[in-house]
Amino acid sequence: MIRRLFTALLLLSSFSSAQQPATPPAGHDAHAVDIPGLKKELFAGITEADFLKLGDKPKTVKVTLIATYTSANYGMNFNGHSHGKGVFTIPKDWTVEVTFINPSPIPHSAVVVEKDMTKKLQMGEPYFDGAGVPKPEVGISLNKAEFKFVADEEGEYAFACGFPAHAINGHWLALNVSADAKAPTLQLGDKPAVEAK
């Protein structure tokens with residue numbers, strides 16, 4: 001099983017990410033992915049409106065990250081986007097509650113790292129305390145996990161897949177922590193940024 005997953009990872013990594021669009025084509029049904037073995041009930045009913053929401057407490061935001069949400073970038077995407085083409089902007093000192101879902105049999109994970117780390121084969125430890133799933137280098141499959149952290153330092157970061165070689169192949173979204181931001185926003189691809197509600 002492990003050998004087959006590793007072989008699949010090598011095959012995915014061998015493709016040039018420049019050949020695959022980072023976002024699905026217009027009119028694409030995000031749930032009509034053509035990747036076999038997905039446990040679709042894990043993300044049934046989740047839409048773009050669920051990717052970023054205000055939390056139940058003041059200065060708290062909820063983020064949902066779904067690996068393999070579409071077949072874009074050979075499934076190495078969060079919420080259908082890769083290569084930083086989705087940008088979360090979070091006001092400094094807000095608490096971020098993340099729900100990470102991987103409906104795929106191929107392991108993926110989510111960890112917050114400095115943006116430059118996405119150019120490396122391995123992600124290392126989360127930048128903020130608690131900002132990642134347990135053992136991000138191993139990942140999870142056909143499951144979900146939650147984590148939370150305080151975005152207490154301004155800068156450019158990434159929600160990256162911590163499984164070796166995934167982030168360098170585009171499996172990451174941008175995370176900007178800003179002292180100037182008044183509310184959390186999310187920009188997906190070329191669409192305008194949308195404020196959390």
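Anyway, here's the lowdown on the structure attached to this text. (Residues numbered from 1 in each chain as written. Predicted model: local features only at pLDDT ≥ 70, side-chain atom pairs only at ≥ 80, totals over all residues. Heavy atoms only, no water.)

## Comments concerning the nonpolar core
Formed by 38 residues in total, the largest nonpolar core has its most connected members in Leu65, Phe88, Phe149 and Phe159. Of all the secondary-structure elements, those providing two or more residues to this core are β2 (60–66), β3 (86–91), β4 (94–102), β6 (143–151), β7 (155–160), β8 (172–178) and β9 (185–188). Broken down by element, the residue count for this core peaks at 5 residues, all from β4. Of all hydrophobic cores here, the second largest spans 8 residues; its members include Val113, Met123, Ala167 and Trp172. (Core = buried A, V, L, I, M, F, W, Y, C linked by side-chain atoms within 4.5 Å. Buried < 20%, exposed > 50% of the residue type's maximum accessible area, 1.4 Å probe, protein only. Helix = DSSP H or I, 4+ residues; strand = E, 2+ residues; numbered from the N terminus.)

## Some points on the pairing of β8
In terms of burial, β8 is largely enclosed, as 6 of its 7 residues are buried. Summarising the sheet, β3 and β8 pair through 5 bridges and their orientation is parallel. Each bridged residue has a counterpart across the sheet, and for Pro91 the counterpart in β8 is Ser178. Summarising the sheet, β7 and β8 pair through 6 bridges and their orientation is antiparallel. Bridging across to β8, Glu156 finds its partner in Asn176. (Pairing = 2+ DSSP bridges.)

## With respect to the pattern of salt bridges
By the definition in use, this model includes 6 salt bridges. For the salt bridge of Glu48 with Lys191, the shortest nitrogen-to-oxygen distance reads 2.8 Å. Taken together, the residues span a long stretch of sequence, with Glu48 in the loop between α1 (2–14) and β1 (52–54) and Lys191 in the loop between β9 and β10 (194–195) at a distance of 143 residues. The class for Glu48 is partly exposed, based on a relative accessible area of 40%. Residue Lys191 is classed as partly exposed on the basis of its relative accessible area of 42%. Close ionic contact of Lys62 with Asp56 constitutes a salt bridge, the shortest N to O distance being 3.5 Å. A relative accessible area of 31% places Lys62 in the partly exposed class. A relative accessible area of 72% places Asp56 in the exposed class. (Salt bridge = Lys/Arg side-chain N within 4 Å of Asp/Glu carboxyl O.)

Honestly, that's just the spatial picture; any functional story needs more than this.
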